[in-house]
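A look at the structure
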Amino acid sequence: MIEVNNVTKKFGDFVALDDLNMNVPKGAIYGLVGPNGAGKSTIIRHLCGVYKQDAGQVLIDGQSVYENEALKQRYTIIPDDIFYFTQANTLDMMKFYKNMYPRFDETLFKKIMDCFPAINPKKMVRTLSKGMQKQVAFMLSIAARPELMILDEPVDGLDPVMRRQIWSLIMSDVAENGLTVLVSSHNLRELEDVCDHVGIMNNGKILIERSLDELQTSITKVQIAFEGEMPALPPEIKVLKKITNGRVHTLIVKGEPRAAEHAIGQMNPLLMDILPLTLEEIFIYELGGENYAVKDIIF
Amino acid sequence: MQSKTSFFNMALFKKNISRTWIAGLLYFILLMLMLPVSFIINTAHSEDDWMAEMGYTMEMRLYEHMAYQPTASIAIVVAIVVTGVTFWYLFNRRDNYMMHAFPVGRKSLYFTGLLSSFVVAIVPVLLVSIFLTIAAAISGASGLGCIWYWALIVIVSTCLFMSVAMFSLMTTGQIVTAIIFYFIFNFLYILMEIAFRITASLLMFGMSAALNGINYKIWTPIFFIGNKIKVISNVQTDEMGNRVIGFTHEFIGGKYLAIYAVAAVVIFLVSYLMYSRKKLETVLDFIAVPFMKPIFSVGMSFFISMVAGAYVAGMIEAVKPLRYNARYAIAIVSAIIIGIIIYYATQMLIEKTLRVFRLKNLVHACIYSLAALVVLLGMRFDVVKIENKIPNAKDIAWAGISDHYEMVFTNPDEIEQVRKLHQNFLEDKKELRDVSVIYPDTDSTRYSIRYKLKNGDIIIRDYTVVDTEAPEVSPEYVAATQPILDFINEPSRIKEHVIGNTWNTGEITQMTFSVYKYNDNILDYEYQANSFDELSTNEKKEKYGRVYKALLKDVDEGKVFVQKFNGHDGYEYDEEALYNDFDFTITDKEHPYFSDTEHFWDYADDYFNSYPRYEQNITVSLNKNCDNTLKALKDEGFYESDDDILTYEEYDSQTGGDGGEPIHLYND
């Protein structure tokens, strides 16, 4: 659905996107994660047709995005900081979206509105709370019946119940209509629950781009203990991190869990446990090699 | 595959109108008050008011009403308000990104925004014109075309200013800067001209009055439209202004409107190209268009430093007189230093950092310095002939000289003589332009030469000169300056230009000669003048005529109205000048009076001076040598005793004004 090929973007001397490649399959829920300043918002602005790349291609469904009105009618964007016209209420915005997006479904909009009873549709949207404004944005966006939805920090400011409600609406759209979702967020736990694909960004590049299953099987956490000193590990095991606590060693190793289990098992440990890694841990360990400061990550 | 985009988006149009309609409504109310409401109020009692008594018709009233309605001055404000509100999203990061993320191309955003701005700015003008047309038609006025010519001027002005507003909005990422740029662009030509004129007035020989005589050009539409594109209404009244005797009207400046309309279209297209190529990440940048950055910083540095450099030289000269070359050297060095400071300051503003000392900027700073050096040296050596400019005779409507009196020459022979005198004066500039240094203690004054060109431009030259009769003055200096005095002191020229063109056809209808006598009752000096009330009008005229004849004899003998190049302007320092006042009125009902003074100072076209005048009061600075006039005044009874004739010095010594004891007591 989304193809970003060798995209470079500079702001003066600063390279925001550095020969970036990204691929979002149709029907996927793609989580874009990365530390602050990684370039997430910049690539999203390219996908929205706001920025024009200095080099490379930004394609959606095989078409260039920039200044492509017809293509943009097929997808919606919910930025972190949402824009509403001054003095416009929810119904005014609905009319505007209806005129902008040919597939806008007014009946669906009214149906979704019933899920958000706290919102007064005749009240100016700008006077609503940030969470409510976000809810209005989701209502408008979903009712536009997009093929692709691009979300930048989408559930920030929403309470847990509302988050669940929003995600459930999106997931049902994905299931029923094959909606593709690109979501950028810091909230890795939430992404882990909803995403099936993940791209990890840092310094204007995608470091890893895989399905969540592949990603979770590409790094393994192993806890082992030996009789005496730990023997040298076989060369095929690449250790990302090692923590020793008495005779118990915790290793984060690259590679498939079964392969790690097999290789370490041949060293006859007294104890060996293969533990699953969360997305959060994968993120930390992958970026650890990129000199990324773990303390900067806010979960 | 790139999709096709449209020029117009209805949803956007409605949204734009929903945000700007209030500005349109306020504009409509303002125009309603200024046009139909005001017209209806002014003509409510049109059958018996003072205008009806004078003979004004409804058509005249309508034309008078429309002739003074503002055009460009309201359009310039409306244009920036409406376009600024419509394109507000360009100056806010969030709004900017979201508007461009919607499925609407920049072409639609631009042209839809433009159309909605037009509607808000132009519909009120059209509606008001319709209402006024109806009101005028009901009140019986003909000549309704003047309403629509006014509307056309306002509409074209609005389009033009909107195009400049769009250009300004596309140039920067900050709304406040956009508004500042808007006014800078609108006044750019006149600002540049003023900068050059200020510099010239401080540095160049004869250019001290360069700030006078600015003629608004087509490049400054805000002034040009108001002056050259309008409804002209000319109601002629009788001599006393009591009765309408004629009426003419005209719609002027149509061709300029066409030029402005074309210019507006071109600027709109240029602005669109800028928008279509604009990088949206430049929102909140001081300058959003790369090619404008060096133009802005170098341009600002150039104009500000040029004027500042000249002012520095001017300030130093105020403390210590400088030679011409020294003045230029100081100005050039100051301009370059100030310019480089301004260049880096603007660069910091543009780049939003203090770290601007890079090679690229150094190159730009050097380009600026070179440009400043070239221009100031160009001024010094008068490369484009400004100092030495003497216009071609065929281009001159009149030439004038002002020393103590103003003389304006329309006769081709005299114009040619002025040109030659001026040429002769400029040939030996070296000594002339350094008079304040070469002759620091010699009595000096300033005199002016003006040329009014047939195209309306005025060329003004103003020179400091020293007394040609001073012993220290060199023969070369006298040779360069004395011919001018000889020319203006020629008796026939004095009669024609100081007394006026009716000097030999008019009659003297009033004459006053004052004496100052001590009055014992009030213990003070008292102004006295014989008004000859016992005489009939004709007897008075005959009496005045005889004195006038004697005055003309004194003129012929070179005793009165003689001008010199010394610091006094007539009397105070001339030992022979009389304290007694003498003036008369010359009247010729057949020939309008041509005022040299009003023409020279360009007041002749003013509203109050444009009506023909048939009489003029002349004040004469008599001196003790005017024996013919003084004798005639005594013979005709204007004064009795020779003791009544006082020089300034004598008056001062009698009254104690010279520091001595007064000869009479004063009433304190």
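Reading the values: the criteria
Residues numbered from 1 in each chain as written. Chains lettered and ligands numbered in written order. Predicted model: local features only at pLDDT ≥ 70, side-chain atom pairs only at ≥ 80, totals over all residues. Helix = DSSP H or I, 4+ residues; strand = E, 2+ residues; numbered from the N terminus. Buried ≥ 20, exposed ≤ 12 C-beta atoms within 10 Å, placed from the backbone. Contact = placed C-beta atoms within 7 Å. Nonpolar A, V, L, I, M, F, W, Y, C, P; charged D, E, K, R; others polar. Pairing = 2+ DSSP bridges. pLDDT = per-residue confidence, 0-100. Core = buried A, V, L, I, M, F, W, Y, C linked by C-beta atoms within 7 Å. Domains from an automatic or database assignment. Axes fitted to C-alpha atoms, helices over the stretch in contact; angles between N-to-C directions. Parallel < 35°, antiparallel > 145°, perpendicular 65-115°, else oblique. Left-handed = near helix turned anticlockwise from the far one by under 90°. Expected span 1.5 Å × (residues − 1). Arc of directions from axis to C-beta.

The secondary structure content of chain B amounts to 23 helices and 10 strands. Its C-alpha atoms give chain B principal-axis dimensions of roughly 105 × 75 × 55 Å. When each of the 668 residues of chain B is scored for burial, the buried share is 36%. Looking at chain B alone, contacts between residues at least 24 apart form 75% of all its contacts between residues at least 6 apart.

The helix and strand inventory of chain A stands at 10 helices and 14 strands. Seen along its three principal axes, the alpha-carbon backbone of chain A occupies a region of about 75 × 45 × 35 Å. Considering only contacts within chain A whose residues lie at least 6 apart along the sequence, 70% involve residues at least 24 apart.

Counting residues at the interface gives 21 residues for chain B and 25 residues for chain A. For the side of chain B that touches chain A, the elements supplying multiple residues, two or more each, are α1 (10-42) and α5 (93-101) of chain B. At six residues, the largest contribution of residues to the side of chain B that touches chain A is made by α5 of chain B. Grouping the constituent residues of the side of chain B that touches chain A by class yields 10 nonpolar, five polar and six charged.

For the rest of this paragraph, the subject is the pairing of strand β1 (residues 2-11) of chain A. All names here are of chain A. Pairing between β1 and strand β4 (residues 55-60): five bridges, direction antiparallel. Residue pairing in the sheet places Val4 in a bridge with Val58 of β4. Relative to strand β2 (residues 14-24), β1 runs antiparallel, the two being bridged by seven bridges. Paired with Lys10 across the strands is Val15, a residue of β2. Counting the residues between successive antiparallel strands, the hairpin from β1 to β2 contains two residues, one of them, Gly12, with a positive phi of roughly 65°.

Moving on: the confidence of the model for chain A. Residues of chain A with pLDDT of at least 70 account for 95%, and the chain-wide mean is 85. Element-level pLDDT for chain A is lowest in helix α10 (residues 279-288) of chain A, with a mean of 73, against a maximum mean of 95 in β4 of chain A.

Now for the nonpolar core. The biggest cluster of nonpolar side chains holds 149 residues, and the ones touching the most others in it are Ile150, Val181 and Leu182 of chain A together with Ala79, Trp150 and Ala165 of chain B. A total of 19 residues in this core trace back to one element, the largest contributor, which is helix α7 (residues 145-171) of chain B. Contacts of Trp150 of chain B, omitting those with residues within four sequence positions, involve Met66, Gln69, Thr71 and Val231 of chain B.

This paragraph deals with unusual backbone geometry. In this structure, Glu67 of chain A takes a positive phi of about 60° despite not being glycine. Note that Glu67 of chain A resides in the loop between β5 (63-64) and α2 (69-72).

Domain boundaries in chain A define domain 1 (2-213) and domain 2 (219-296). For domain 1 of chain A and domain 2 of chain A, the distance between their C-alpha centres works out to 36 Å.

Residue and element names in this part refer to chain B. Of all the residues in helix α19 (residues 491-499), the buried ones are Ile494, Glu496, His497, Val498 and Ile499. Each element contacted by the buried residues of α19 is listed here: β4 (406-409), α20 (537-556), β9 (582-587), α21 (596-600) and β10 (615-620). Phi turns positive, to about 125°, at Gly500, one or two residues after α19.

What follows concerns the sheet that holds β10 of chain B. Residue and element names in this part refer to chain B. The strand order β8-β7-β9-β10 describes an open sheet built from four strands, whose pairing is antiparallel. Both edges of this open sheet fall to β8 (524-529) and β10, since each of them pairs with a single strand only. Neighbour-to-neighbour, the strand axes of this sheet turn through a mean angle of 20°, independent of strand direction.

Attention now goes to the packing of α20 of chain B against helix α22 (residues 627-635) of chain B. Pairs of packed helices are described in terms of their axes, by the angle between the two and the distance that separates them. Residue and element names in this part refer to chain B. One way to put it is that α20 packs onto α22 with a least axis distance of 7 Å and a crossing angle of 165°. Classified by the angle their axes make, α20 and α22 are roughly antiparallel. When the axes of α20 and α22 are compared, the crossing they make is right-handed. Contact residues: α20 offers Arg546, Val547, Ala550, Leu551, Lys553 and Asp554, while α22 offers Asn628, Thr629, Lys631, Ala632 and Leu633. The residue inventory of the contact of α20 with α22, partitioned by class, reads five nonpolar, two polar and four charged.

Turning next to the sheet that holds strand β13 (residues 248-254) of chain A. Residue and element names in this part refer to chain A. An order of β12-β13-β11-β14 is seen for the four strands of this open sheet, with the pairing classed as antiparallel. Bordering the open sheet on either side are β12 (238-245) and β14 (271-275), each of which pairs with just one other strand. In this sheet, adjacent strand axes meet at a mean angle of 20° when their direction is disregarded. Looking at chain direction, β12 and β13 are connected through seven bridges and run antiparallel. By the bridge assignment, Lys238 is partnered in β13 with Lys254.

With that out of the way, let us pick up the pairing of strand β3 (residues 29-33) of chain A. All names here are of chain A. Among the five residues that make up β3, five are buried, leaving the element largely enclosed by the rest of the structure. Neither face of β3 is left uncovered, since the one carrying Ile29, Gly31 and Val33 and the one carrying Tyr30 and Leu32 both have all their residues buried. Across four bridges, the pairing between β3 and strand β9 (residues 197-202) is parallel. By the bridge assignment, Gly31 is partnered in β9 with Val198.

Okay, the domain arrangement of chain B next. Along its sequence, chain B is organised into domain 1 (10-187 + 264-289), domain 2 (295-380), domain 3 (393-476) and domain 4 (494-655). Taking only C-alpha atoms, the centre of domain 1 of chain B and the centre of domain 2 of chain B are 39 Å apart.

On to the packing of helix α6 (residues 106-138) of chain B against α7 of chain B. Residue and element names in this part refer to chain B. Viewed as axis vectors pointing N to C, α6 and α7 meet at an angle of 170°, and their least axial separation amounts to 10 Å. In terms of orientation, α6 lies roughly antiparallel with respect to α7. Residues Ser117, Ala121, Ile122, Val125, Leu126, Ser129, Leu132, Thr133 and Ala136 of α6 form the contact with α7, whose participating residues are Ile147, Trp148, Ala151, Val154, Ile155, Thr158 and Met162.

Okay, helix α8 (residues 175-186) of chain B next. Residue and element names in this part refer to chain B. Taking 1.5 Å of rise per residue, 12 residues should cover 16 Å, and α8 covers 17 Å from first to last C-alpha, within 8% of that figure. Residues of α8 that are buried include every one of Thr177, Ala178, Phe181, Tyr182 and Asn186, and no others. For α8, the arc enclosing every buried residue in end-on projection is 165°, short of the 170-degree limit, so these residues lie on one face. Looking at the buried side of α8, the elements it contacts are α4 (72-86), α7 and α10 (221-228).

So, on to the environment of Gly49 of chain A. Mapped onto the elements, Gly49 of chain A comes out in the loop between α1 (40-47) and β4. Of the residues examined, Gly49 of chain A has 26 C-beta atoms within 10 Å and is grouped as buried. Taking the C-alpha atoms as reference points, Gly49 of chain A and Gln266 of chain A, separated by 217 residues in sequence, lie 54 Å from one another. Ignoring any residue separated from it by four or fewer positions in sequence, one finds Gly49 of chain A in contact with Val65, Tyr66, Glu67, Asn68 and Lys72 of chain A together with His100 and Ala101 of chain B.

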